[in-house]
Amino acid sequence: MSTYVLIPGAGSDSWLWHLLEPELRSRGHAVVAPDLPYDDDSADLSTYADFVIDAIGDHADLVVVGHSFGAFTAALVCDRISVSQLVLLSGMIPQPGESPGEWWDNTGWAPPDDDDPFLHDVSPAISAEVPRHSLEQSGTPFAEPWPLDAWPHVPTRFLLCRDDRFFPADFMRKVVADRLGLTPDEIDGGHLAPLTRPRELAETLTEPIPKTFVGGVVVEPWRSRR
């Protein structure tokens, strides 16, 4: 079975995945969900990738899942080690040389009008726990360019959350099409789907890779690394 490597978004720790992990394990899969040093000003994207790779250890048949800002790190991991599949969950898809801080203007993202774009569909009990698992995200990685010159040659899927108020569905469909040339898979739920729809998310993540993705993705306008 596969090992799912779960990379959280900015300012989050591995608790983000605590409801998804048992769903994946119950289906016979292993899970690696490292905490990353998001609050360390000396740590950059490469440091984050180092932490993930160290946590993977000897695990094989890897499915790397990057949530939101975690997509920047997930793609770096896939460039360094052998990976079966990369899944971007509401992910910030980087371009070569683009810093995470530049991503917002480059994609045309607009700040949400909603007062609560993250927790609007999260239960009160879970919402009450979120502050205990939130880190003061360092600005260091947001100022440094993404170091790859092409998307890693790995089968890639994008999983879009239809009720996401932080990265609205219409906005993300356009970004995914422009940057990866893909039609995203979609599930219900907001930006924090791992906390609201863990079963549906596990079912989607463990589906067989669509045939169109087998052998890697040819991304436009980039050239996929061979």
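This part is about helix 8 (residues 198-205). Regarding helix 8, the residues found buried are Pro198, Leu201, Ala202, Thr204 and Leu205. An end-on view of helix 8 places all buried positions within 165 degrees of arc, on one side of the element.

The next point concerns the pairing of strand 1 (residues 3-7). Counting buried residues in strand 1 gives five out of five residues, a clear majority hidden from the surface. Neither face of strand 1 is left uncovered, since the one carrying Thr3, Val5 and Ile7 and the one carrying Tyr4 and Leu6 both have all their residues buried. Taken together, the three bridges between strand 1 and strand 2 (residues 30-32) define a ladder with parallel strand orientation. Bridged to Val5 within strand 2 is Val32.

In this section: the side chain of Thr156. Looking at the secondary structure, you find Thr156 in strand 5 (residues 156-161). Owing to a relative accessible area of 1%, Thr156 belongs among the buried residues under this scheme. A distance of 3.1 Å separates a polar atom in the side chain of Thr156 from a polar atom in the side chain of Trp151. A polar contact is formed between the side chain of Thr156 and the backbone oxygen of Val154, at a distance of 2.9 Å.

Right, let's get into a negative patch on the surface. Taken together, the side chains of Asp39, Asp40, Asp41 and Glu136 define an acidic patch exposed on the protein surface. Considering the arrangement of structural elements, one finds Asp40 in the loop between strand 2 and helix 2 (45-56). The class for Asp40 is partly exposed, based on a relative accessible area of 33%.

Attention now goes to the confidence of the model for the protein. Per-residue pLDDT for the protein has a mean of 93; in total, 92% of the residues score no lower than 70. Here residues 211-226 is modelled with pLDDT under 50, and outside its nearest four sequence neighbours on either side it reaches 44 contacts, counting other chains as well.

For the structure on display, the rule yields 16 aromatic pairs. With 5.9 Å between their ring centres and 55 degrees between their planes, Tyr38 and Phe69 make a pair best called tilted. Pair noted here: Tyr38 is in the loop between strand 2 and helix 2 and Phe69 is in the loop between strand 3 (62-67) and helix 3 (70-80), with a separation of 31 residues, a long-range link. According to the relative accessible area criterion, Tyr38 is buried, its value standing at 0%. The exposure class assigned to Phe69 is buried, which follows from its relative accessible area of 1%.

For the rest of this paragraph, the subject is the environment of Val31. In this structure, Val31 sits in strand 2. Classification of Val31 as buried rests on a relative accessible area of 10%. Leaving out residues up to four positions away in the same chain, Val31 has contacts with Tyr4, Leu6, Glu21, Leu24 and Arg25.

Let us now look at the packing of helix 4 (residues 100-107) against helix 6 (residues 169-180). It is the contact of helix 4 with helix 6, at a shortest axis distance of 12 Å, that shows an interaxial angle of 105 degrees. One way to sum up the angle between helix 4 and helix 6 is to call them roughly perpendicular. Mapping the contact onto sequence places Trp103, Asn106 and Thr107 in helix 4 and Phe171, Val175 and Arg179 in helix 6. Partitioned by chemical class, the residues of the contact of helix 4 with helix 6 number three nonpolar, two polar and one charged.

The rules behind the values
- Residues numbered from 1 in each chain as written.
- Predicted model: local features only at pLDDT ≥ 70, side-chain atom pairs only at ≥ 80, totals over all residues.
- Heavy atoms only, no water.
- Buried < 20%, exposed > 50% of the residue type's maximum accessible area, 1.4 Å probe, protein only.
- Helix = DSSP H or I, 4+ residues; strand = E, 2+ residues; numbered from the N terminus.
- Arc of directions from axis to C-beta.
- Pairing = 2+ DSSP bridges.
- Polar contact = N/O pair within 3.5 Å; in protein donor to acceptor, adjacent residues only side chain to side chain.
- Patch = residues over 30% accessible without salt bridge, like charges linked within 9 Å, V, L, I, M, F, W, Y side chains within 5 Å.
- Areas by Shrake-Rupley, 256 points an atom, 1.4 Å probe, with all protein chains shown as cover.
- Salt bridge = Lys/Arg side-chain N within 4 Å of Asp/Glu carboxyl O.
- Lys, Arg positive; Asp, Glu negative; His and termini not counted.
- Charge placed at Lys NZ, Arg CZ, Asp CG, Glu CD.
- pLDDT = per-residue confidence, 0-100.
- Contact = heavy atoms within 4.5 Å.
- Phe/Tyr/Trp six-rings, centres within 6.5 Å; stacked < 30°, edge-to-face > 60°.
- Axes fitted to C-alpha atoms, helices over the stretch in contact; angles between N-to-C directions.
- Parallel < 35°, antiparallel > 145°, perpendicular 65-115°, else oblique.
- Nonpolar A, V, L, I, M, F, W, Y, C, P; charged D, E, K, R; others polar.

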